[in-house]
Amino acid sequence: MSQGKVWLVGAGPGEPGLITVRGLEVLSQADVVLYDALAHPSLLDACPGADKRYVGKRYAFDNPPQAGINRVLIEEAKQGKKVVRLKGGDPFLFARGAEEAEALADAGIPFEVVPGVPSPVAAAAYAGMSLTHRDLSSSTTFITGSDKAGKEWSPDAWKKLATATDTICVLMGMRRIEDITRAIIDGGRDPGTPAAVIQWGARPEQRVEVATLGTIAQRVRDSGITNPAIIVVGQIVSLRDKLSWYDSRPLFGKRILVPRPAHQAVATAEAVRARSARPIAFPVIEIVDPPEPERLLAAARDVQRYDWVLFTSANGVDRFFAALAQVGRDARAFATAKIGVIGPKTGKALDRFGLRPDLVAKEYVGEALAEAILGAGDVRRVLIPRALEAREDLPKLLEASGAEVNVVPAYETRPVGKKQAEELRDMIESGDVDVVMFTSGSTVSSTVELLGDRAVELLGRITVASIGPITTRAAEARGVTPAATASEYTVDGLLDALEAHFRP
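Just so it is clear, the structure is predicted and the values come from calculations on it, not from any experiment. (Residues numbered from 1 in each chain as written. Predicted model: local features only at pLDDT ≥ 70, side-chain atom pairs only at ≥ 80, totals over all residues. Heavy atoms only, no water.)

(A) Inspection of the pairing of strand β2 (residues 32-35) at higher detail. Residues V32 and L34 line one face of β2 and the alternating positions V33 and Y35 line the opposite face, and both faces are buried. As paired elements, β2 and strand β3 (residues 51-54) share four bridges and run parallel to each other. Bridge assignment links Y35 to a residue of β3, and that residue is Y54. (Buried < 20%, exposed > 50% of the residue type's maximum accessible area, 1.4 Å probe, protein only. Helix = DSSP H or I, 4+ residues; strand = E, 2+ residues; numbered from the N terminus. Pairing = 2+ DSSP bridges.)

(B) Layout of the pairing of strand β20 (residues 463-466). On β20, burial covers both faces: T463 and A465 on one face and V464 and S466 on the other are all buried. Where strand β19 (residues 435-438) and β20 come together, four bridges link them in parallel fashion. Across the sheet, V436 pairs through a bridge with V464, a residue of β20.

(C) Structural view of unusual backbone geometry. The peptide bond linking N227 to P228 adopts the cis configuration, its omega dihedral lying at 0°. The topology assignment puts P228 in the loop between α7 (216-223) and β10 (229-233). The residue F94 is not glycine, and still its phi comes out positive at about 50°. Examined against the element boundaries, F94 turns out to sit in the loop between β4 (82-87) and α3 (97-106). Its relative accessible area of 34% is what places F94 among the partly exposed residues. For W200, which is not a glycine, the phi torsion comes out positive at approximately 50°. By the secondary structure assignment, W200 is in the loop between β8 (194-199) and β9 (207-212).

(D) Focus on the packing of aromatic side chains. Per the stated rule, a full pass over the model turns up 10 aromatic pairs. Pairing F321 with F353 gives two aromatic rings, centres 4.1 Å apart and planes at 10°, and the pair type is stacked. Highlighted residues: F321 in helix α11 (residues 314-326) and F353 in the loop between α12 (344-348) and β16 (359-360), separated in sequence by 32 residues. Since its relative accessible area comes to 7%, F321 is described here as buried. On the accessibility criterion, F353 (27% relative accessible area) is partly exposed. In this structure an aromatic cluster arises from ring pairing among F311, F320, F321, F334 and F353. We note K254 situated over the ring of F502; from NZ or CZ to the ring centre the distance is 4.6 Å. (Phe/Tyr/Trp six-rings, centres within 6.5 Å; stacked < 30°, edge-to-face > 60°. Lys NZ or Arg CZ within 6 Å of the ring centre and 35° of its normal.)

(E) Main features of the nonpolar core. Membership of the largest hydrophobic core comes to 27 residues, with the highest contact counts inside it found for F311, F320, F321, F334 and L350. Within the residue set of this core, elements represented by two or more residues are α10 (293-301), β14 (308-311), α11, β15 (338-341), β17 (381-387) and β18 (404-415). The dominant element in this core, judged by the number of residues it contributes, is α11, at five residues. When residues no more than four places from it in sequence are discounted, the contact partners of F334 are V303, V309, F311, F320, F321, L324, I339 and L355. Among the nonpolar cores identified, the runner-up in size contains 24 residues, and V416, A421, L424 and V433 belong to it. (Core = buried A, V, L, I, M, F, W, Y, C linked by side-chain atoms within 4.5 Å. Contact = heavy atoms within 4.5 Å.)

(F) Just the side chain of R240, in detail. When you line up the elements, R240 lands in helix α8 (residues 240-243). Residues in contact with R240, not counting those within four places in the same chain, are A127, G128, M129, V208, V210 and D247.

(G) Structural context of helix α9 (residues 262-273). Taking 1.5 Å of rise per residue, the 12 residues of α9 would be expected to cover 16 Å, and the 16 Å separating its terminal C-alpha atoms lies within 8% of that figure. Check the buried side of α9 and you find it contacts β11 (255-258), β12 (278-281), α11, β19 and α19 (491-502). (Expected span 1.5 Å × (residues − 1).)

Given below as structure tokens:
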């Protein structure tokens, strides 16, 4: 058996997009992943086949012993596995990465360190503070609020630090923030020095309190801010008034329900996080095989018979190419058929099959696709692999022009079960959702069915957003009025509409 290897990977500060390219590459190849509390949960989507184990350490919780973590790393590597130790921030900055590396070295286990974006650097940047500045700070000190034994640093140590550096960043210091700030003042630092506490930095949950060194402790106690947080002391805190960018966005901190099938919610969630909002992926529908799969297989066998094959969703693309593979064919089957799609995202779904659409509708609706196809020349035979239930405008317009249209169900959408219905109602009732994004008529109908008799009431408590006028009409037909409707019928267009809605 070949020997395995361990990678000590920094997950970055919180925002999953801040993990390094190398870190994500290693994670995707892992057999076993041991992850911390501060590693963003969505990063685990990069290693779906791995054995994932939580080994996080949090104050006042029953934490796994470090010796036990070291032992697991060694044992799994000895079995020839690729083992990733996923740690918040950087594995060597106020973390136990060095101790884990020492244990691996002593055991003769190969290891690699993949540095991460340090949490205090990122948290300060996301709060609008530059830790160094030519006019305000030429030195920065990172310090932990407790020593190896878990005991607090002595007041004398803090006094020495007080005037030795321009900017002080304290990690794990919230439990003794009163003692720490008092000792820094006693050491000679002006109590009027700007100070801040940043909780959950670089995440939509981020909270920032700014005060003076003499008042920051009471300010955060009054506001209820606790760990995970960093304390920042220095003139650079004053930059926040001008440089705050992350938490000044219109969607910052908004909890946005994404009621899409699980495999589609990932990309949408990333787009939501890019706007400083918090996605709540909650599939209200599932994609299943059509009731007559043989019809789809027959269409895949005969695709060369058609002048045009039209795709109205990425799901249709995926299901049709799965059928092609099942009958022993591939992209070469399209040699004589042109491909039309309803929008760029659907066209993008063709990339992994080595194809590009011949035509993309200017507006992302069936009517626009029909108009474009009819304007491209004579149309005789058209294949449309799509959902079992869908709008009929596209095939009817083509048939009215004399074309022979074969509409083939490639998949069916079904609402999820009763358990999810109760969970969704509880989330809205408890105020854990601010916005729901409807990206299709099927997500509207499935959500309304899940919520049952109280659907209109519950959806009236939150902001409803629609990806376009057709989805808006579907919502209105159910008694739900969207507050924002996208003018560009994409997820980004929908988020633009939401930002315009919430912008002061």
